[in-house]
4 protein chains.
Amino acid sequence: MEEIEVHELKRVEMKEPILIEGLPGVGNVGKLVAEHMIHELHAERIIEIYSWHFPPQVLVKNDGTVRLCKNEIYAWKSERHNLLILTGDQQSVTNEGHYLIVERLLDIAQQYGVSRIYTLGGYGIGQLVEHQVVLGAANEPELVEEMKRYGVEFREEEPGGSIVGASGLLLGLGKLRGFPAICLLGLTSGYLVDPKSAQAVLKILCQALDLEIDMQALEDRAEEMERVVERLKEMEQAQMPRRREEELGYIR
Amino acid sequence: MEEIEVHELKRVEMKEPILIEGLPGVGNVGKLVAEHMIHELHAERIIEIYSWHFPPQVLVKNDGTVRLCKNEIYAWKSERHNLLILTGDQQSVTNEGHYLIVERLLDIAQQYGVSRIYTLGGYGIGQLVEHQVVLGAANEPELVEEMKRYGVEFREEEPGGSIVGASGLLLGLGKLRGFPAICLLGLTSGYLVDPKSAQAVLKILCQALDLEIDMQALEDRAEEMERVVERLKEMEQAQMPRRREEELGYIR
Amino acid sequence: MEEIEVHELKRVEMKEPILIEGLPGVGNVGKLVAEHMIHELHAERIIEIYSWHFPPQVLVKNDGTVRLCKNEIYAWKSERHNLLILTGDQQSVTNEGHYLIVERLLDIAQQYGVSRIYTLGGYGIGQLVEHQVVLGAANEPELVEEMKRYGVEFREEEPGGSIVGASGLLLGLGKLRGFPAICLLGLTSGYLVDPKSAQAVLKILCQALDLEIDMQALEDRAEEMERVVERLKEMEQAQMPRRREEELGYIR
Amino acid sequence: MEEIEVHELKRVEMKEPILIEGLPGVGNVGKLVAEHMIHELHAERIIEIYSWHFPPQVLVKNDGTVRLCKNEIYAWKSERHNLLILTGDQQSVTNEGHYLIVERLLDIAQQYGVSRIYTLGGYGIGQLVEHQVVLGAANEPELVEEMKRYGVEFREEEPGGSIVGASGLLLGLGKLRGFPAICLLGLTSGYLVDPKSAQAVLKILCQALDLEIDMQALEDRAEEMERVVERLKEMEQAQMPRRREEELGYIR
């Protein structure tokens, strides 16, 4: 096994595709969006990436079979759109792995002639979010202006100085190779998987891509999550003063 | 010293042997089974594996001499069975070491023409187990069906999404090389070395292999452990409210 | 991407320049001094250093664009002075990265014919500092004597046995290559960014370099910080007995 | 800089020398013995070892100059003895570094034709030691018998299953290369630097080597330490119920 193994399942011809990254992270916002898009668009899995920088474990699927931790790239083409969608089980657990895997992703992006990159994630604020907001960052000033038109907020003091992992490095290392790249971060508590924040991010992404995607499935998950949050609030009022956060945990 | 060193003590001719892995892990279930089999079958040690991914220490034996941390493979042949049994002192302590050592184990498996892999371990539930259960996972759907016939349970939500270490990676990386592989996990508290859980796993393994192994030694250890557990329960009732779990510790 | 990438933005001819290091660290003292000098002298950025030993993240600038974590070297020349000033966002987060990056910095120092190195930092004492003191260390006894003349203190028991990171390794690894090198550490609480300590360090450095630099900006930041400290003291007296230190945190 | 750098300061001809290792560890017992021997015998420093597996820091000496963390080998010859004594500031801070540095030490041992290795350390028992005991381990059964004659104890259950770091690996990796090696561990609390335990270890080592070394300096430090311990006991009785261990800390 090599440090990073790229298994190309199928070669697809694409014209200046747009790469969308949604790997696991805060509130799983990016991953929710990417998986929703893959599902709704019936995108096709074309690449699998394995690495010893992923956790040394397999995931057990519902049918009792297992699979290695991996990242995956899906392709979807319409007359007007050429999309590559990146998602996966995990990000690197080593420092250098983050850099090396993103570099390999950019190699793939170059092969496919990717014209722009969107990275998606959540921005945890440590409390329940009242009003959905999508914060942005980009690797070119023009992209900042462009994104402002879609309602993305760019706050001087936020997103808090740094964007960690693939969502950040695709912008930073991407710039060194000349890829225009934008990061969209949905405000989220950070305690819960957040399909509502994912909806907010997806809406802006769809506007930016001039793409229509049915949101019902995310809507349903958001409602379900809302019920969980309501119950948690009630529990809170019924006073469980200590350890509240611990008990919320990270409900998937 | 190389990153991973394989010392072949003896070359044995084998016909499509079955590889059984029982390295240290939750409740030491896998290791207990492997060591019991090696002992009862008088299996022969044929390979030692050293690596700088193991902890930087030596183990002191009862006679005052020491040995490096290592993994070991034992061979046992009868007319109907060809077994390679893998056990050891430790698993890798680095992330990449897990992957690299399992890859090396698979190299050895290929050399010996291994036809199937069983990995053994424990599945910790955080409380004493009332009824012994063996959970399973496999890297092919047919193996799932086969194992169900021996009473192995495949639960949609368990074994909790992931199997960490060699027991998992032998399935995942094994699949990439075409090895059929099955993981058997005995339910266990996770606090204690659990020979009772090991018995449950061994029973199913013996059925699957159509092999008879005397279980008295495991039975004895299980009874001894039961007495420890009884004492712990009494202590619990005699109220040592805090730090109970800490005091149980990980009794070997 | 290589392990360490040195991007030379501009080649400047220099005569036996002096290298001044001010990377992030305790009280951010070194970085404050380096950035103040770069700003006041209008020094020119000539080198950027990227590495997978830096944290895997990008920093978001005020205009919404991002940049990779990096170290930077600035050049400034006058008739009497040739300075290279090293600063950056981060130091290595891996053990070996510290050594490898400093070695690369020394390669650059050799290319430029650096004649002496000053490394700058803070020495945290865990309480507010009443009287500004600058502690020193050097990699040659003559330098110790020289620095004493500028009021640098060399205490037998301090700076506590060790100097961690680039400020220390530039002296230690520098010695192996024959670079005379001095470390100046401003006493600081360790809880707060400390421009007052930075002033003290800068004063001594200016004396040693026979250089004049306007200190108003540092003075202003120091006064601002003083007000923060006053408020903290009041809060302390108004009794918030527990968690005080946590709440001070590390105010930038 | 290479991963491990061996600087040979002087080449000394030796006849089947004995290598004695005393690096930092529990109670600093091994290091105390090695340094005492070097001092009393006026042994000569012949080798320095640098590595990026040591902590990334320099140590400040009393004269204000610094030096890199390193390991050192000293040589001492008399008519009847040829000794190489290994000590240093630190051991590796990475897992693989432990293995690689010990391998390099064994390379040096081979060059010098080392005939036997003694590794020295402390065995922490978590409470003050009433009666000095030296526990042993070896990599050959004959050595166990030999050491018993000098009063070294070999307990079935101790030293607790494992010996961590160079003191252990020199035995384990040494065995693979055919070096007879013995580990001597002085019982110690683990909280304090323990010159009394070092004395006990040194006495046995001197017997085994048939060597006489003045112990006054160690005796003096032991008495000084005793006074510290007495004071600690008084403080304990004067009731400082909590955080006692923290305050003891690790007094050097």
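Since the structure is predicted, the reported quantities are computational estimates derived from the model, not experimental observations.

About the cut-offs
- Residues numbered from 1 in each chain as written.
- Chains lettered and ligands numbered in written order.
- Predicted model: local features only at pLDDT ≥ 70, side-chain atom pairs only at ≥ 80, totals over all residues.
- Helix = DSSP H or I, 4+ residues; strand = E, 2+ residues; numbered from the N terminus.
- Rg over C-alpha atoms; globule rule 2.2 N^0.38 Å.
- Buried ≥ 20, exposed ≤ 12 C-beta atoms within 10 Å, placed from the backbone.
- Contact = placed C-beta atoms within 7 Å.
- Least-squares fit on C-alpha atoms with pLDDT ≥ 70 in both.
- Axes fitted to C-alpha atoms, helices over the stretch in contact; angles between N-to-C directions.
- Parallel < 35°, antiparallel > 145°, perpendicular 65-115°, else oblique.
- Left-handed = near helix turned anticlockwise from the far one by under 90°.
- Nonpolar A, V, L, I, M, F, W, Y, C, P; charged D, E, K, R; others polar.
- Pairing = 2+ DSSP bridges.
- Expected span 1.5 Å × (residues − 1).
- Core = buried A, V, L, I, M, F, W, Y, C linked by C-beta atoms within 7 Å.
- pLDDT = per-residue confidence, 0-100.

1. Digging into the overall build of chain A
Looking only at helices and strands, one finds seven helices and eleven strands in chain A. In terms of overall dimensions, chain A is globule-like: its C-alpha atoms have a radius of gyration of 18 Å, near the 18 Å expected for 252 residues. Expressed as lengths along the three principal axes of its C-alpha atoms, the size of chain A is roughly 55 × 45 × 35 Å. With 252 residues in all, chain A has 46% of them scored as buried. Contacts in chain A between residues far apart in sequence, at least 24 positions, make up 75% of those at least 6 positions apart.

2. A few points about the relation of the copies chain B and chain A
Between the two copies of this chain, the relationship is a rotation about some axis together with a displacement along it. In screw terms, the move from chain B to chain A is a rotation of 90° and a rise of 0.0 Å along the axis, fitting with an RMSD of 0.0 Å. Both copies of the chain, as the preceding transformation shows, are related through a four-fold rotation axis. Taking the C-alpha atom as reference, chain B places Thr94(B) closest to the rotation axis, 7.1 Å from it.

3. What to know about the packing of helix H2 (residues 95-111) of chain C against helix H4 (residues 166-176) of chain C
Residue and element names in this part refer to chain C. The geometry of H2 relative to H4 is characterised by a closest axis approach of 10 Å and an angle of 60° between their N-to-C directions. By the angle between their directions, the pair H2 and H4 is classed as oblique. Crossing of H2 over H4 shows right-handed handedness. Two secondary-structure elements touch here, H2 through His-98, Tyr-99, Val-102, Glu-103, Leu-105 and Leu-106 and H4 through Ala-166, Leu-169, Leu-170, Leu-173 and Gly-174. Within the contact of H2 with H4, the residues separate by chemical class into eight nonpolar, two polar and one charged.

4. A short note on the interface of chain B and chain A
In this complex, chain B contributes 26 residues to the contact, which on the side of chain A involves 17 residues. Looking at the side of chain B that touches chain A, the elements with two or more residues in it are helix H2 (95-111), strand E9 (134-138), helix H3 (141-148), strand E10 (162-164) and helix H4 (166-176) of chain B. Per-element accounting of the side of chain B that touches chain A gives the leading share, six residues, to H2(B). Per-class residue counts for the side of chain B that touches chain A are 13 nonpolar, nine polar and four charged. Bridge count between strand E4 (residues 57-60) of chain A and E10(B): three bridges; the pairing is antiparallel.

5. Let's talk about the interface of chain C and chain D
On the side of chain D, 17 residues touch chain C, which itself brings 26 residues to the contact. Of all the elements in the fold, those that place two or more residues in the side of chain C that touches chain D are H2, strand E9 (134-138), helix H3 (141-148), strand E10 (162-164) and H4 of chain C. Looking at which element gives the most residues to the side of chain C that touches chain D, the answer is H2(C), with six residues. Considered class by class, the residues forming the side of chain C that touches chain D number 13 nonpolar, nine polar and four charged.

6. Description of helix H2 (residues 95-111) of chain D
Residue and element names in this part refer to chain D. With 17 residues, H2 should cover 24 Å at 1.5 Å per step; its first-to-last C-alpha distance of 25 Å lies within 8% of that length. Buried within H2 are the following residues: Gly-97, His-98, Tyr-99, Leu-100, Ile-101, Val-102, Leu-105, Leu-106 and Ala-109. Here the buried face of H2 lies against strand E1 (4-8), strand E2 (18-21), strand E3 (44-51), strand E7 (82-88), strand E8 (116-124) and helix H4 (166-176).

7. Points about the pairing of strand E6 (residues 71-77) of chain D
Residues and elements named next belong to chain D. Burial of E6 is extensive: five of the seven residues sit out of reach of the surface. Alignment of E3 against E6, held across five bridges, turns out to be antiparallel. Considered in E6, the bridge of Glu-48 is made with Glu-72. Note: E6 against E7, seven bridges, orientation antiparallel. Note on E7: the bridge partner recorded for Ala-75 is Leu-84. A loop of four residues connects E6 with E7, the two strands running antiparallel in sequence.

8. Side note on the sheet that holds E4(A)
One open sheet accounts for three strands, arranged E5(A)-E4(A)-E10(B); its pairing is antiparallel. The outermost strands of the open sheet, each flanked by one partner alone, are strand E5 (66-68) of chain A together with E10 of chain B. In this sheet, neighbouring strand axes are inclined to one another by 30° on average, regardless of whether the strands run parallel or antiparallel. Sitting on the sheet, H4(B) touches E4 and E5 of chain A together with E10 of chain B, and the angle it makes with E5(A) is about 85°.

9. Description of the nonpolar core
In this structure, Ile85(A), Ile85(B), Ile85(C) and Ile85(D) are the most contacted members of the largest nonpolar core, which totals 286 residues. Residues within four places of Ile85(D) in sequence aside, it is in contact with Ile20(D), Ala34(D), Met37(D), Ile38(D), Ala43(D), Ile73(D), Tyr74(D) and Trp76(D).

10. Quick word on the environment of Asp89(A)
Residue and element names in this part refer to chain A. Looking at where Asp-89 falls in the secondary structure, it is placed in the loop between strand E7 (82-88) and helix H2 (95-111). A C-alpha to C-alpha distance of 9.0 Å links Asp-89 and Leu-68, two positions 21 residues apart in sequence. Residues within four places of Asp-89 in sequence aside, it is in contact with Leu-59, Cys-69 and Lys-70.

11. Things to note about H2(A)
Its buried side turned inward, H2(A) meets strand E1 (4-8), strand E2 (18-21), strand E3 (44-51), E7, strand E8 (116-124) and helix H4 (166-176) of chain A. A positive phi of about 65° marks Gly113(A), the residue just after H2(A).

12. Brief notes about unusual backbone geometry
Residue and element names in this part refer to chain A. One non-glycine residue, Asn-28, lies in the positive phi region at around 50°. Inspection of the secondary structure assignment puts Asn-28 in the loop between E2 and helix H1 (29-41). A residue is classified by how many C-beta atoms lie within 10 Å of it, and Asn-28, with 23 of them, is buried.

13. Structural notes on the arrangement of the chains
Without any contact between them, chain B and chain C keep their closest C-alpha atoms 14 Å apart. A gap remains between chain A and chain D, which never touch, and the nearest two C-alpha atoms on either side lie 14 Å apart.

14. Comments concerning the sheet that holds E3(D)
All names here are of chain D. Spatially, eight strands are ordered E1-E3-E6-E7-E2-E8-E11-E9 in an open sheet, and the strand pairing comes out mixed. Both edges of this open sheet fall to E1 and strand E9 (134-138), since each of them pairs with a single strand only. Between one strand axis and the next, the sheet turns by 20° as a mean value, whatever way the strands run. Two strands pair when backbone bridges link them, and E2 and E7 are joined in this way by four bridges, in the parallel orientation. Pairing of Ile-20 across the sheet is with Ile-85, part of E7.

15. Regarding the confidence of the model for chain A
Residues and elements named next belong to chain A. Residues with a pLDDT of 70 or more make up 93% of chain A, whose mean pLDDT is 92. A low-confidence stretch, residues 240-252 (pLDDT under 50), is modelled with eleven contacts involving residues beyond four sequence positions or located in other chains. Here the predicted complex scores 0.91 on pTM and 0.89 on ipTM.

16. Thoughts on the environment of Leu232(C)
Residue and element names in this part refer to chain C. Locating Leu-232 in the fold gives a position in helix H6 (residues 216-237). You can call Leu-232 partly exposed: it has 18 C-beta atoms within 10 Å. For the pair Leu-232 and Ile-18, spaced 214 residues apart in sequence, the C-alpha to C-alpha distance is 39 Å.

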